[in-house]
Amino acid sequence: MKAILAKSAVAISLAALAMGAAHADKSKWPKSFTVGTASQGGTYYAYGAGWANLVAESVGITGGAEVTGGPTQNLALVHTGKLAFGMTTMGPARDALDGKSPLAPGLKMNKVCAMFPMYQTPFSVTVLSSSGIKSIKDIPAGSKIGFGPAGSTSDTYFPKMLETLGVKFERRNGGWSDLGGQLQDGLIDVVAFAAGVPIPAVTQLEVQTKINILEFTEAEQKKIMDTYPVSAFPIPASTYKTLSKDARAVSMWNYAIANCDLPESFVYEATKAVLDNNPKMLTIHKGARTTLAENWDKNTFIPFHPGAVKYYEEKGFKIPANLKMK
């Protein structure tokens, strides 16, 4: 009965959103939209495809997800208007706004606006149990480590983090599903994941073979937190069947972004569709438990799109002047 009531509540909420969007002035809206995600097999693609479909259903125009190189590329694609929406982590976003993006050094990406908070991205390390590796310090020198797509958050930060901890490795790049397959086939030794949990590629590995998910020691965690823009994060034991207890990790917040030139009413309706429908978002990905309006303050420097500002202020949240688009 509870499940039926929950589904009914979601259906009613979506119907109400659709009615609201139907009355919006759509004369300047795009005829369709795309959300920049990352590689298939990662959390970004699963989460991004889900919220793209939810927004499309709610606002009444065609929308979908696009496979990209991840946060760094999404920032560039949204800034240039090649994509309406994207997903990014706060580290690459800070670099992009400061003109320090590795994709366009010197270009301040000032056409990127914030929409809504998504979830935290934990940095975690996965190996095959047969490797005998049970901790970060056990990783042999010269190990082949997969860091995700080139230019992704993992590829940008995780190699530096492991170097800080004294790990010596050979760097490999690829989509998460591909790297999971390479790990299983013995072509690489380690996958250093930076993605919202549960990561589909890790869940798939668990089904097919025995793995170890390596946690940081307290000293390793502190050393990384003292050096990089991350915070402490425990990966809950319930996330993977491999874990018998919470795993100590670090994380970085993710945020949905929009091209700043998009119509205010369009971004308002898109933001509303996601944040007013958390039960629906949770059916898309468990990480959406933090996709809540109250977490707007996890963004401290990306200017909010006027449409997003309108939504938050209707909900009683005060967006400071320095976070409003000028």
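Here the structure is shown first, and the text comes after it.
Let me begin by describing the structure that accompanies this report.

About the criteria used
Residues numbered from 1 in each chain as written. Predicted model: local features only at pLDDT ≥ 70, side-chain atom pairs only at ≥ 80, totals over all residues. Heavy atoms only, no water. Helix = DSSP H or I, 4+ residues; strand = E, 2+ residues; numbered from the N terminus. Rg over C-alpha atoms; globule rule 2.2 N^0.38 Å. Buried < 20%, exposed > 50% of the residue type's maximum accessible area, 1.4 Å probe, protein only. Areas by Shrake-Rupley, 256 points an atom, 1.4 Å probe, with all protein chains shown as cover. Axes fitted to C-alpha atoms, helices over the stretch in contact; angles between N-to-C directions. Parallel < 35°, antiparallel > 145°, perpendicular 65-115°, else oblique. Left-handed = near helix turned anticlockwise from the far one by under 90°. Contact = heavy atoms within 4.5 Å. Nonpolar A, V, L, I, M, F, W, Y, C, P; charged D, E, K, R; others polar. Polar contact = N/O pair within 3.5 Å; in protein donor to acceptor, adjacent residues only side chain to side chain. Pairing = 2+ DSSP bridges. Disulfide = S-S within 2.5 Å.

1. Observations regarding the overall build of the chain
Thought 1: Across its full length, the chain carries 11 helices and 10 strands.
Thought 2: Compactness check: the chain gives a C-alpha radius of gyration of 20 Å against a globular reference of 20 Å for 326 residues, within 12% of the reference.
Thought 3: When the backbone C-alpha atoms are referred to their principal axes, the chain occupies close to 60 × 55 × 30 Å.
Thought 4: Going through the 326 residues of the chain one by one, you find that 56% of them count as buried.
Thought 5: As displayed, the chain has an accessible area near 13,900 Å², and 54% of this comes from carbon and sulfur atoms.

2. Notes on the packing of helix α6 (residues 176-184) against helix α7 (residues 200-208)
Thought 1: At their nearest, the axes of α6 and α7 sit 9 Å apart, and the two run at 30° to each other. Judged by the inter-axis angle, α6 sits roughly parallel to α7. The hand of the α6/α7 crossing is right-handed. Facing Trp176, Ser177, Gly180, Leu183 and Gln184 of α6, the residues of α7 in contact are Ala201, Leu205 and Gln208.
Thought 2: Of the residues that constitute the contact of α6 with α7, the class distribution is 4 nonpolar, 4 polar and no charged.

3. Section: the side chain of Ser251
Thought 1: Here Ser251 lies in strand β10 (residues 247-259).
Thought 2: Of the polar contacts made by the side chain of Ser251, one reaches the side chain of Gln120; its length is 2.8 Å.

4. Some points on the pairing of β10
Thought 1: Counting buried positions along β10 gives 12 out of 13 residues, so the element sits mostly inside the fold.
Thought 2: Pairing analysis gives 5 bridges linking strand β3 (residues 85-89) to β10, with the strands arranged antiparallel. In the sheet register, Thr88 faces β10, and the bridge partner there is Tyr255.
Thought 3: Both strand β4 (residues 112-128) and β10 contribute to a ladder of 8 bridges, which runs antiparallel. Counterpart to Thr121 in the pairing with β10 is Met252.
Thought 4: In this sheet, β10 lies alongside strand β9 (residues 231-235) in antiparallel orientation, the contact comprising 5 bridges. Looking across to β10, one finds that Pro234 is bridged to Arg248.

5. With respect to the state of the cysteines
Thought 1: According to the stated counting rule, one finds 1 disulfide in the structure shown.
Thought 2: The disulfide partner of Cys113 is Cys260, and the gap between their sulfur atoms is 2.2 Å. Judged by the sign of its S-S torsion, about 110°, the bond between Cys113 and Cys260 is right-handed. A residue pair is termed long-range when its members are at least 10 positions apart, and Cys113 in strand β4 and Cys260 in the loop between β10 and α9 (264-275) qualify at 147 residues. For the pair Cys113 and Cys260, a shared accessibility class is recorded, and that class is buried.

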